[in-house]
Amino acid sequence: MELTRRDALAALAATGSAVGGGVLAGRYGAPTAESAPESEPTHSSASLSTPLLDLLDGVAEVLYPSDVEGRRAFVETYVLGRIDDRPSYRAGMDEAAAQLDALARDWEDAAYATLDVETRDRLLRGIGVETADPVPDGTLTERVRFYLVNDLLFAFYASPTGGRLVGIENPIGHPGGIESYQRESMSDAAATPGEQADDG
Amino acid sequence: MAEQSDGGVGDGTDRTPAARADVCVVGAGPAGALVAHRLAAAGADVVVLEAGPRFDVDRRREQQEAVIRPGMGDPWEMGGPRDAYTTGGRGYPLNAARVKGIGGSTLHWQGMVMRLHERDFEMQTRHGVGADWPLSYADLQPYYAAAERAFGVAGAMDNPYAPPREEPFPLPAFPPSHSDSLFADACERLGIDMHSVPNARNSEPYDGRAACQGYGTCKPVCPSGAKYTAESHVRKAERAGARVVDHAPVQRLEHDDDDRVETAVYATPDGREHRQSARQFVIACGGVENARLLLLSASERYPEGLANSSGVVGRFFMDHLFAGAGGRLGEPTRQNHIGFNTSECHQFYDDSEPVEGLKLEFLNYAGPSPVMEALGADTWGDDLLEQLRDAYGTHVAIGALVEQLPDAENRVTLDPSERDDHGNPVPRVEWSLDGRTERAIEHANAIQHRILTELGAEVEWTVGPDATGPAYHQMGTTRMGSDPESSVVDADCRSHDLSNLWVLGSSTFPTGGAMNPTLTIAALSLRAADALEAAL
């Protein structure tokens, strides 16, 4: 199962993020009857450092099902969109990532991203993230749950590809049109709702 | 000229009073917005005072994220000292049940818009319960049609139990869901009729708003603008010249010696009070705050509260009760693609045993949404995927609204033991169910179980009399009637006591039926607008 850039943009559509103003305003924005035709995607003005992207991709590998491909590019596109023009969210994410990395260095003598996936999983569980409430201004565990774990899970399962793995091609948060709810079964991936956002 | 001030909001918008207006409207929900628009369009000088903020429509997808992701707070920012309340009896979750802001509770509503039935207007005459309305369905019928045009209602003429209507709906109905088709076979075998749902939601572009995009979060946030909110008519009112002031909670109304309201005293966040005078006053702030504002406006002449010589302001508080049952089938049911329903059944609505109205809703959002389930899960990776696959896909459910008849002991009062952010006593909501309401809920459950069993579903849960809760339709606290001794307003929604005071909203309903109330709120408001215009 391959995650695509389209999946990342679809997940961003559920967040109100401004990346690719053209594509998001045109395809996923709150349109009016006079909405302009879709335009091509543009790029975010935000940037991610390689170490931060490494860490986020390392967390995503723990969180996502094991047979996912295209994960790193998906995470990069999604997170760039997520933090664009949202400095406080970026600061929260940066801080949670830095503290998780510091914890890895304390406990495992290595950067989080360089640990094997089992150790990364164990470290998250070791601080109680799997049962923590997501709290943006809470403890380290609660912030890791909010800024890293839940954000990346949200990106994955609010995208059509993530939804399809569970059996729903138009997951909540995704503007997948008003055709899929009428169907008896999932449509082919080639006709995903993300490509039919103007239906109905 | 008085110095301008934004009232401490920090946005530079002037919130000082305007010159004496023709009409001052308190509350910018659907009732206030429709009246403000109609009167401004007719040339009246209109000022609207709204307690809550103006929510930026460009942030609606961020608000949607807050709905899906735990830990991001209430997208409509309800709660805190501004909205403090107390409750008694069964208890009422007031701040989950309303929104303060431009658009009012249509910001978070689901958007189901049915007309009341003819019998709802004469429950005392027909069945010896509740109270008759001082107007009939026929009186309201043209205003129902106008309300449907204002909202852009998507519906079909396929409901054999609906009251007479004069014209098709403005927009075509949303097609039935796959799960509706599963229910249809079972219902047909049982002799139960299903039909479409009138939705205040664009099935195609209408009135400058988009068609539904299928975000799936209609209640409480529609990012596409397809769901009607009263922001639409606030914008129209402003274009017609109305002045709309947000962050301006009205503290009390003051009257002169001739039984006319003269001034609305409102506060701004900087703590200052301002005085807006007008020739006519409309209060339209919801089923609890309408009563509270009248009680807060007690004077020497009206010591029990303004417009309350009958003593019934605050009494007869009602809501609709939710009854439901659900389970799982042995096949995919395709739930949670959209956040609204496409089929209902009004077949049992006019029954006399029990007499309480009842409507059935075939849900399109039974069971969990995978993304929301994932965000609350205590595992991840392949384990999470397996858990989600097990949790999602085969759920079915039937909901229902059940009528609650008026009871004077269910009421809104002032609670001086607690104060809001401006030092006013908070509202206290006393709300309980009686035995007959509980039996009506059990009756709904029995029908639901019959259908689910016929469908072949394993019933896993039932919301009956113990677990029931309100549908967030606050009604009855300023009831209308012909007799000033037993009602607050007349059929035009005009106060019996003060000739230039009008009270709009579901607080005027003498009985509530079992239909979602907003279309009736809108119809009554448009009717009141005609009377108000004539009074100017």
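About the criteria used
Residues numbered from 1 in each chain as written. Chains lettered and ligands numbered in written order. Predicted model: local features only at pLDDT ≥ 70, side-chain atom pairs only at ≥ 80, totals over all residues. Heavy atoms only, no water. UniProt positions renumbered as here; feature names shortened; annotations may be inferred. Helix = DSSP H or I, 4+ residues; strand = E, 2+ residues; numbered from the N terminus. Buried < 20%, exposed > 50% of the residue type's maximum accessible area, 1.4 Å probe, protein only. Contact = heavy atoms within 4.5 Å. Areas by Shrake-Rupley, 256 points an atom, 1.4 Å probe, with all protein chains shown as cover. Rg over C-alpha atoms; globule rule 2.2 N^0.38 Å. Lys, Arg positive; Asp, Glu negative; His and termini not counted. Charge placed at Lys NZ, Arg CZ, Asp CG, Glu CD. Core = buried A, V, L, I, M, F, W, Y, C linked by side-chain atoms within 4.5 Å. Domains from an automatic or database assignment. Buried area = accessible area lost by both parts, 1.4 Å probe. Salt bridge = Lys/Arg side-chain N within 4 Å of Asp/Glu carboxyl O. Polar contact = N/O pair within 3.5 Å; in protein donor to acceptor, adjacent residues only side chain to side chain. Phe/Tyr/Trp six-rings, centres within 6.5 Å; stacked < 30°, edge-to-face > 60°. Lys NZ or Arg CZ within 6 Å of the ring centre and 35° of its normal. Pairing = 2+ DSSP bridges. Expected span 1.5 Å × (residues − 1). Axes fitted to C-alpha atoms, helices over the stretch in contact; angles between N-to-C directions. Parallel < 35°, antiparallel > 145°, perpendicular 65-115°, else oblique. Left-handed = near helix turned anticlockwise from the far one by under 90°. Nonpolar A, V, L, I, M, F, W, Y, C, P; charged D, E, K, R; others polar.

The name given to chain B in an unreviewed UniProt entry is Choline dehydrogenase, and the organism recorded there is Halobellus clavatus. Its UniProt record gives chain B a comment under Cofactor (unreviewed entry), which states: "FAD". According to UniProt, the comment filed for chain B under the heading Sequence similarities (unreviewed entry) is "Belongs to the GMC oxidoreductase family."

Under the annotation held in an unreviewed UniProt entry, chain A carries the name Gluconate 2-dehydrogenase subunit 3 and is attributed to Halobellus clavatus.

Peer 1: Is there a simple way to think about the overall build of chain A in this case?
Peer 2: Scanning chain A for helices and strands turns up eight helices and zero strands. Scanning chain A from its N terminus toward the C terminus, one meets helices and strands in the order α-α-α-α-α-α-α-α. Going through the 200 residues of chain A one by one, you find that 57% of them count as buried. Taking all contacts inside chain A whose residues are at least 6 apart in sequence as the whole, residues at least 24 apart take part in 54%. Surface exposure of chain A reaches about 7700 Å², of which carbon and sulfur atoms provide 48%.

Peer 1: Please explain the overall build of chain B as it appears in this structure.
Peer 2: Within chain B, the regular secondary structure consists of 11 helices and 18 strands. A compact globule built from 536 residues would reach a C-alpha radius of gyration of about 24 Å, and chain B, at 23 Å, matches this within 12%. Projected onto the principal axes, the alpha-carbon positions of chain B cover approximately 70 × 55 × 45 Å. Expressed as a percentage of its 536 residues, the buried residues of chain B come to 63%. Of the contacts made within chain B by residues no fewer than 6 positions apart, 73% connect residues no fewer than 24 positions apart. Of the accessible surface of chain B, which amounts to about 17800 Å², a share of 45% is contributed by carbon and sulfur atoms. Positive and negative side-chain charges in chain B, numbering 47 and 79 respectively, have mean positions lying 3 Å apart.

Peer 1: Help me understand the environment of B:Ser482 in this model?
Peer 2: All names here are of chain B. With respect to the element layout, serine 482 can be found in the loop between β17 (458–463) and β18 (501–503). Serine 482 sits 349 residues away from tryptophan 133 along the chain, and the two C-alpha atoms are 8.3 Å apart. Here serine 482 is in contact with Pro134, Ser487 and His496, once residues within four sequence places are set aside.

Peer 1: Would you mind going over the UniProt feature "domain: Glucose-methanol-choline oxidoreductase C-terminal" (unreviewed entry) in chain B with me for this structure?
Peer 2: Residues annotated in UniProt with the feature "domain: Glucose-methanol-choline oxidoreductase C-terminal" (unreviewed entry) correspond here to residues 406–524 of chain B. As annotated, residues 406–524 of chain B has a helix share of 24% and a strand share of 21%, and its two end C-alpha atoms lie 19 Å apart.

Peer 1: Before we go on, may I ask you to explain the nonpolar core in this structure?
Peer 2: When a protein is soluble and globular, its nonpolar side chains tend to lie buried together. Residues and elements named next belong to chain B. If you look at the biggest cluster of nonpolar residues, it comprises 128 residues, and the most contacted ones within it are Val46, Phe151, Leu253 and Leu501. The dominant element in this core, judged by the number of residues it contributes, is helix α11 (residues 518–535), at 10 residues. Shared between two domains, this core holds at least three residues of each, these being domain 1 (18–153 + 227–318 + 407–430 + 474–536) and domain 2 (166–197 + 321–402 + 434–467).

Peer 1: What is the right way to read the UniProt feature "domain: FAD-binding" (unreviewed entry) in chain B from this model?
Peer 2: This chain's UniProt record puts "domain: FAD-binding" (unreviewed entry) on residues 21–53 of chain B. Across residues 21–53 of chain B, the secondary structure splits into 36% helix and 30% strand, with the terminal C-alpha atoms separated by 22 Å.

Peer 1: What should I look at first to understand the domain arrangement of chain B in this one?
Peer 2: It is common to report an interface's size as the accessible area lost on association of the parts. Residues and elements named next belong to chain B. Entries for chain B in the domain assignment read domain 1 (18–153 + 227–318 + 407–430 + 474–536) and domain 2 (166–197 + 321–402 + 434–467). One C-alpha centre belongs to domain 1, the other to domain 2; they are set 31 Å apart. Contacts between domain 1 and domain 2 engage 26 residues on the former and 31 residues on the latter. Approximately 2200 Å² of surface area, both sides summed, lies buried where domain 1 meets domain 2, with 56% of it carried by carbon and sulfur atoms. When the buried surface of domain 1 facing domain 2 is broken down by residue, Gln110, Arg119 and Ala514 rank first, second and third, together holding 23% of it. Run the count over domain 1 and domain 2 and you get three salt bridges. Here glutamate 166 and arginine 115 are joined by a salt bridge, their closest N and O atoms 3.0 Å apart. Scanning the region where domain 1 abuts domain 2 turns up 13 residue pairs in polar contact (both at pLDDT 80 or more). Sorting the residues of the side of domain 1 that touches domain 2 by element identifies α2 (60–68), α3 (123–127) and α4 (137–151) as the ones contributing at least two each.

Peer 1: Quick question: what am I supposed to make of the interface of chain B and chain A here?
Peer 2: The interface is formed by 53 residues belonging to chain B together with 63 residues belonging to chain A. Taken together, both faces of the contact between chain B and chain A bury some 4600 Å²; the carbon and sulfur share is 55%. Considering only the side of chain B, the residues that lose the most area to chain A are B:Arg61, B:Arg334 and B:Trp380, jointly responsible for 18% of the buried surface there. The interface formed by chain B and chain A contains four salt bridges. Put simply, B:Arg69 and A:Asp151 hold a salt bridge, and the shortest N to O gap is 3.2 Å. For the pair chain B and chain A, the interface holds 23 residue pairs in polar contact (both at pLDDT 80 or more). Elements with a minimum of two residues in the side of chain B that touches chain A: α2, α8 (370–375) and α9 (381–391) of chain B.

Peer 1: Explain the packing of aromatic side chains to me, please; I cannot follow it from the model alone.
Peer 2: Given two aromatic rings, one states the distance between the centres and the angle between the planes to describe the pair. Throughout the structure, instances matching the rule amount to 18 aromatic pairs over all chains. Relative to A:Phe74, the ring of A:Tyr64 has its centre 6.2 Å away and its plane inclined at 70°; by these criteria the two rings are edge-to-face. Of this pair, A:Tyr64 sits in the loop between α3 (50–63) and α4 (71–83) while A:Phe74 sits in helix α4, and the two are 10 residues apart along the sequence. Assessed through its relative accessible area of 1%, A:Phe74 is described here as buried. Relative to A:Tyr147, the ring of A:Phe146 lies with its centre 4.8 Å away and its plane at 85°, an arrangement referred to as edge-to-face. Both residues of the pair, A:Phe146 and A:Tyr147, belong to the buried class. Put simply, the rings of B:Phe121, B:Trp133, B:Tyr137, B:Tyr144 and B:Phe509 touch in pairs and so form one group of aromatic residues. If you follow A:Arg86 out to its NZ or CZ, it ends over the ring of A:Tyr89, 5.7 Å from the centre. Here B:Arg69 stacks its cationic end above the ring of A:Phe146, 4.5 Å away from the centre of that ring.

Peer 1: I tried to follow the sheet that holds strand β12 (residues 343–345) of chain B on my own but got confused; where do I start?
Peer 2: Neighbouring strands of a sheet are bound in pairs by backbone hydrogen bonds; such pairs are parallel or else antiparallel. Residues and elements named next belong to chain B. Reading across the sheet, the six strands line up as β6-β12-β13-β14-β11-β17 and stay open at both edges, with antiparallel pairing between neighbours. Only two strands of the sheet have a single partner each, and these edge strands are β6 (195–196) and β17. Relative to β17, strand β11 (residues 321–328) runs antiparallel, the two sharing five bridges. When the bridges of β17 are listed, glycine 326 appears paired with tryptophan 461.

Peer 1: Can you walk me through α4(A) in this structure?
Peer 2: The α-helix winds at 3.6 residues per turn, so residues separated by three or four positions along the chain end up facing the same way. Given a rise of 1.5 Å per residue, 13 residues ought to cover 18 Å, and the 18 Å separating the end C-alpha atoms of α4(A) matches this to within 8%. Counting buried residues along α4(A), 10 of its 13 residues qualify, which places the element largely inside the surrounding structure. Buried residues belonging to α4(A) abut α1 (5–13), α3, α5 (87–108) and α7 (140–157) of chain A together with α2 of chain B. Positive backbone phi, at 65°, marks A:Asp85, one or two positions downstream of α4(A).

Peer 1: So what exactly am I meant to see when it comes to the packing of α1(A) against α4(A) here?
Peer 2: When two helices pack together, their arrangement is given by the angle between the helix axes and by the axis-to-axis distance. Residue and element names in this part refer to chain A. Relative to each other, α1 and α4 sit at 30°, their axes nearing to 8 Å. On the basis of their axis angle, the class for α1 and α4 is roughly parallel. Crossing geometry of α1 relative to α4 is assigned as right-handed. Across from Arg5, Asp7, Ala8, Leu9, Ala11 and Leu12 in α1, the residues of α4 making contact are Phe74, Thr77, Tyr78, Gly81 and Arg82. The residue inventory of the contact of α1 with α4, partitioned by class, reads six nonpolar, two polar and three charged.

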